[in-house]
Amino acid sequence: MKPSFNEWLAGREYDLLTVSSRKSDLKRLEKHYGDLDELYDGDRFGAMTADLQYSKDDERRDRPNPSNWKLTETSTTTCPISDHR
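Residues numbered from 1 in each chain as written. Predicted model: local features only at pLDDT ≥ 70, side-chain atom pairs only at ≥ 80, totals over all residues. Heavy atoms only, no water.

## Things to note about helix α2 (residues 16–33)
When the terminal C-alpha atoms of α2 are compared, their 26 Å separation across 18 residues agrees well with the 26 Å that a helix rising 1.5 Å per residue should span. Of all the positions in α2, only Val 19, Asp 25, Leu 29, Glu 30 and Tyr 33 are classed as buried. Burial along α2 is one-sided: seen end-on, the buried residues are contained in an arc of 135°. Those residues of α2 that are exposed and aimed more than 90 degrees away from the buried face are Leu 16, Leu 17, Lys 27 and Lys 31. (Helix = DSSP H or I, 4+ residues; strand = E, 2+ residues; numbered from the N terminus. Expected span 1.5 Å × (residues − 1). Buried < 20%, exposed > 50% of the residue type's maximum accessible area, 1.4 Å probe, protein only. Arc of directions from axis to C-beta.)

Put into structure tokens, the structure is as follows:
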């Protein structure tokens with residue numbers, strides 16, 4: 001994540017909690033998918049967005065989670081995956 005992202009968020013007049021939350025979200029995505037700037041430049045997040053389509057219905061039907069974001073027994077599919085689509 002580029003340092004200029006902080007400036008961009010600040011320019012949108014978000015409160016500090018929102019800024020902190022968005023930065024945390026992006027850091028988690030980068031942990032699982034790599035540099036977001038490179039992913040955007042590559043296909044405008046197309047592959048990552050497709051990868052994050054796993055849903056609660058998929059989980060109920062025992063379909064495998066295809067995403068890089070592996071779920072644990074204590075996590076749910078609606079958090080974090082659907083929150084980051």
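## Here's the deal with the side chain of Asp 58
Tracing the backbone shows Asp 58 in helix α5 (residues 56–60). A distance of 2.7 Å separates a polar atom in the side chain of Asp 58 from a polar atom in the side chain of Arg 63. With near-sequence residues (within four places) excluded, Asp 58 lies in contact with Gln 53 and Arg 63. (Polar contact = N/O pair within 3.5 Å; in protein donor to acceptor, adjacent residues only side chain to side chain. Contact = heavy atoms within 4.5 Å.)

## What about the confidence of the model for the chain?
In this model, the chain carries a mean pLDDT of 82, and residues with pLDDT of at least 70 account for 81%. By mean pLDDT, helix α1 (residues 4–11) is the weakest element of the chain at 84, and helix α3 (residues 36–43) is the strongest at 94. (pLDDT = per-residue confidence, 0-100.)

## Section: the pattern of salt bridges
Taken as a whole and assessed by the stated rule, the structure comprises five salt bridges. Between Glu 59 and Lys 56 there is a salt bridge whose closest N-O contact spans 2.9 Å. With Glu 59 and Lys 56 both in helix α5 and three residues apart, this pair spans about one turn of that helix. For Lys 56, a relative accessible area of 33% corresponds to the partly exposed category. Linking Asp 58 and Arg 63 is a salt bridge whose minimum nitrogen-to-oxygen distance equals 2.7 Å. Asp 58 gets classed as buried once you look at its relative accessible area, which sits at 15%. By relative accessible area, Arg 63 is classed as partly exposed at 40%. One connected set of salt bridges, linked through shared partners, spans Arg 22, Asp 25 and Arg 28. (Salt bridge = Lys/Arg side-chain N within 4 Å of Asp/Glu carboxyl O.)

## Notes on the side chain of Asp 25
Within the element layout of this structure, Asp 25 appears in helix α2. Among the polar contacts made by the side chain of Asp 25, one reaches the side chain of Arg 22 at a distance of 3.2 Å.

## Details of the packing of aromatic side chains
This model, assessed by the stated rule, comprises two aromatic pairs. Taken together, a centroid distance of 5.8 Å and an interplanar angle of 15° make the contact between Phe 5 and Trp 8 stacked. Taken as a pair, Phe 5 and Trp 8 lie in helix α1 at a separation of three residues, close to a single helical turn. Given a relative accessible area of 19%, Phe 5 falls into the buried group. The exposure class assigned to Trp 8 is partly exposed, which follows from its relative accessible area of 42%. (Phe/Tyr/Trp six-rings, centres within 6.5 Å; stacked < 30°, edge-to-face > 60°.)

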